[in-house]
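Structural overview
What follows is the residue order along each chain.
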Amino acid sequence: MNAAVTEFAEIAGNSLKVAGLVVILIGTTYAAVRFVVRMVQRDPQAYPKVRAELGRGILLGLEVIVAADIVDTLLLDPTLEAVGALGLLVLVRTGLSWALSIEIDGYWPWQKWRVKRIEAGESVPSRH
């Protein structure tokens, strides 16, 4: 691979990793500040809301970090071992994403359409 492309890929991958970390840190700080404000206001939903906000920040940051890993793997180290490690990372991130999504929303990600229709007062076909 061309040295300039390799150098650009390294810079891009590292920049995305830093961006992912920054997103997680900003999300965590935002959630913490909002939690303190809600506690001062004695909001009974302060804890569930902070968990949801924190989870969203982590999920977004992880998405950016996975993008960095994809750039690193596909452009800098396209070996079978690296691609396998990337595949495992994506599986772990997907599992973590699902777990956080369930914690945030209270239902499986593929049930979103059903919950939205129920909340809107629409009938939902049964799966019998």
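Our subject is the structure that appears above.
Residues numbered from 1 in each chain as written. Predicted model: local features only at pLDDT ≥ 70, side-chain atom pairs only at ≥ 80, totals over all residues. Heavy atoms only, no water.

It is worth spelling out the overall build of the chain at this point. Counting its secondary structure elements, the chain contains four helices and zero strands. Listing every helix and strand of the chain by position from the N terminus yields α-α-α-α. Computed over its C-alpha atoms, the radius of gyration of the chain comes to 19 Å, more than 25% above the 14 Å expected for a compact globule of 128 residues. With the C-alpha coordinates aligned to their principal axes, the bounding extent of the chain is approximately 55 × 50 × 20 Å. Within the chain, the fraction of its 128 residues that count as buried is 24%. In the chain, the proportion of contacts linking residues at least 24 apart, taken out of those at least 6 apart, comes to 58%. Per element, the accessible surface of the chain, about 8900 Å² overall, is 66% carbon and sulfur. Distance from the positive charge centre (13 side chains) to the negative charge centre (13 side chains) of the chain: 14 Å. (Helix = DSSP H or I, 4+ residues; strand = E, 2+ residues; numbered from the N terminus. Rg over C-alpha atoms; globule rule 2.2 N^0.38 Å. Buried < 20%, exposed > 50% of the residue type's maximum accessible area, 1.4 Å probe, protein only. Contact = heavy atoms within 4.5 Å. Areas by Shrake-Rupley, 256 points an atom, 1.4 Å probe, with all protein chains shown as cover. Lys, Arg positive; Asp, Glu negative; His and termini not counted. Charge placed at Lys NZ, Arg CZ, Asp CG, Glu CD.)

A contiguous nonpolar surface patch, about 370 Å² in accessible area, is contributed by I70, L74, L75, L76 and V83. Broken down by element, the nonpolar patch gets its largest block of residues, four residues, from helix α2 (residues 46-76). Tracing the backbone shows L76 in helix α2. Classification of L76 as partly exposed rests on a relative accessible area of 31%. (Patch = residues over 30% accessible without salt bridge, like charges linked within 9 Å, V, L, I, M, F, W, Y side chains within 5 Å. Salt bridge = Lys/Arg side-chain N within 4 Å of Asp/Glu carboxyl O.)

Each packed pair of helices is defined by two parameters, the angle between the axes and the distance between the axes. Where α2 meets helix α3 (residues 80-105), the axes come as close as 10 Å, and the angle between the chain directions of the two elements is 165 degrees. Put simply, α2 runs roughly antiparallel to α3. Seen along the crossing, α2 lies across α3 with a hand that is left-handed. The residues of α3 that touch α2, namely those facing R51, A52, G55, R56, I58, L59, L62, E63, V66, D69, I70 and T73, are A82, V83, L86, L89, V90, R93, L96, S97, L100, E103 and I104. Split into classes, the residues belonging to the contact of α2 with α3 amount to 14 nonpolar, three polar and six charged. (Axes fitted to C-alpha atoms, helices over the stretch in contact; angles between N-to-C directions. Parallel < 35°, antiparallel > 145°, perpendicular 65-115°, else oblique. Left-handed = near helix turned anticlockwise from the far one by under 90°. Nonpolar A, V, L, I, M, F, W, Y, C, P; charged D, E, K, R; others polar.)

Turning next to the environment of K49. Inspection of the secondary structure assignment puts K49 in helix α2. Sequence separation of K49 and R38 is 11 residues, and the distance between their C-alpha atoms is 9.1 Å. Not counting chain neighbours up to four residues away, the residues in contact with K49 comprise R38 and D43.

Moving on, we get to helix α1 (residues 3-40). Side chains that are three or four residues apart share a direction in an α-helix, a result of its 3.6 residues per turn. Between the first and last C-alpha of α1 there are 55 Å, a value that for 38 residues agrees with the 56 Å anticipated at 1.5 Å per step. Listed in full, the buried residues belonging to α1 are A9, G13, G20, I24, G27, A31 and R38. In the core, the buried residues of α1 are packed alongside α2. Sitting at the head of α1, N2 places a side-chain oxygen 2.9 Å from the backbone nitrogen of A4. R42 occupies a position one or two residues after α1 and carries a positive phi of about 60 degrees. (Expected span 1.5 Å × (residues − 1). Polar contact = N/O pair within 3.5 Å; in protein donor to acceptor, adjacent residues only side chain to side chain.)

The quantities given are spatial measurements derived from coordinates; they are silent on function.
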